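These are the residues of each chain, in order.
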Amino acid sequence: MTHTSPSARRAAALPACAAAALVLLTACGDGGGTSAAPQRVPVTVAPPGSTAGSFGRDTAGPRPAATSTRCRTFELKASVGRRDPGAGQVNFPVVLTNTSERTCTVRGYPGAAFVDAAGRQLGPDPLRSPGTPTTVTLRPGRSAWAGLTFSSPEVSEARTAVPAALLVTPPDEHDHLTVEWTAGPVPVGGNASSVFLTVLGPGTGP
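It should be emphasised that the depicted structure is a prediction, and the values quoted were computed from it without experimental measurement. (Residues numbered from 1 in each chain as written. Predicted model: local features only at pLDDT ≥ 70, side-chain atom pairs only at ≥ 80, totals over all residues. Heavy atoms only, no water.)

Enquirer: Explain the layout of surface pockets to me, using residue names and the numbers behind them.
Expert: The rolling of a water-molecule-sized probe over the atoms marks out the regions of remaining empty space. Considering only enclosed or pocket space, the largest pocket measures out at about 210 Å³ in volume. What lines the largest pocket is a set of 13 residues, among which Tyr-109, Pro-110, Gly-111, Ala-112 and Arg-128 lie closest to the centre. Among the secondary structure elements, those contributing two or more residues to the lining of the largest pocket are strand S5 (111–115) and strand S10 (165–169). No other element matches the three residues that S5 contributes to the lining of the largest pocket. Tallied by class, residues from the lining of the largest pocket come to eight nonpolar, two polar and three charged. Considered as a void within the structure, the second largest pocket measures approximately 150 Å³ in volume. Lining the second largest pocket are Arg-82, Asp-84, Asn-91, Phe-92, Pro-93, Trp-145, Gly-147, Leu-148, Thr-149, Thr-204, Gly-205 and Pro-206. If you list the elements that add at least two residues to the lining of the second largest pocket, you get strand S3 (89–98) and strand S8 (143–151). The element that contributes the greatest number of residues to the lining of the second largest pocket is S8, accounting for four residues. Of the residues contributing to the lining of the second largest pocket, the split by class is five nonpolar, five polar and two charged. (1 Å grid on protein atoms, 1.4 Å probe; cavity = no way out; pocket = protein on both sides within 12 Å on 5 of 7 lines; lining within 4 Å. Points joined across faces, edges and corners; volume = space filled by probe spheres on them. Helix = DSSP H or I, 4+ residues; strand = E, 2+ residues; numbered from the N terminus. Nonpolar A, V, L, I, M, F, W, Y, C, P; charged D, E, K, R; others polar.)

Have a look at this one:
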């Protein structure tokens, strides 16, 4: 009877293990009767304390939310500037002023609606005049304005009403600001009754 030393048995077992590993890597063929070539499977060993997975993908933690620079309604004050009559038109600057202690931005068109003393809207929502929105940076105390324009009711013979207030909503906000309206009748229906708003620009008016 031939005796094989333990070291010789371990040496003989190594090729068998390698062959078994090769069989596992080549067992996923396409079923066409030919053996697929051995494939290398990349494995990354993570160092101690690393969050890398078994295939080298790091597990990223949640990223902090970016701080918005948009002016919020509660940081602004709305006002209406003096009437600026034109050729058959009436124009008013609608002004938003930064009353907060931080710098914030506004961009685009504000929302606006005339209302009576009971808060009921008078006439349709203003339309948007063509324009290219730009970002206006408002340091504390600085303002941006949009033009509110409509045809003079005396010329257009539109149906009018006298609002109690103008509700102004800053861009991308849902809450509005209330401005007392003291400029008389505005068109709410009939011929040429549309009211228009321009994009916001820096300053308090033209």
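Enquirer: Which residues make up empty space enclosed by the protein, and what values go with them?
Expert: Evaluated as defined, the whole model comprises one cavity of 30 Å³ or more. Estimated volume of the largest cavity: approximately 40 Å³. Lining the largest cavity, in full, are Phe-114, Leu-122, Gly-123, Pro-124, Asp-125, Pro-126, Pro-187, Ser-193 and Val-195. Tallied by class, the residues present in the lining of the largest cavity amount to six nonpolar, two polar and one charged.

Enquirer: Please provide a residue-by-residue account of the pairing of strand S7 (residues 135–138), values included.
Expert: What you see with S7 is a clean split: Val-136 and Leu-138 sit on the buried side and Thr-135 and Thr-137 on the side with no burial. Here strand S4 (residues 104–107) pairs with S7 via four bridges, running antiparallel. Pairing of Thr-105 across the sheet is with Thr-137, part of S7. (Buried < 20%, exposed > 50% of the residue type's maximum accessible area, 1.4 Å probe, protein only. Pairing = 2+ DSSP bridges.)

Enquirer: Help me get a handle on the state of the cysteines, residues and values and all.
Expert: In this structure the tally under the stated criterion is one disulfide. Here Cys-71 engages in a disulfide with Cys-104; their sulfurs sit 2.0 Å apart. Between Cys-71 and Cys-104, the S-S dihedral sits near 90°, and the bridge is therefore right-handed. Linking Cys-71 in the loop between helix H1 (6–25) and strand S1 (76–80) with Cys-104 in strand S4, this pair joins segments that are 33 residues apart in sequence. We classify Cys-104 as buried; its relative accessible area is 0%. (Disulfide = S-S within 2.5 Å.)

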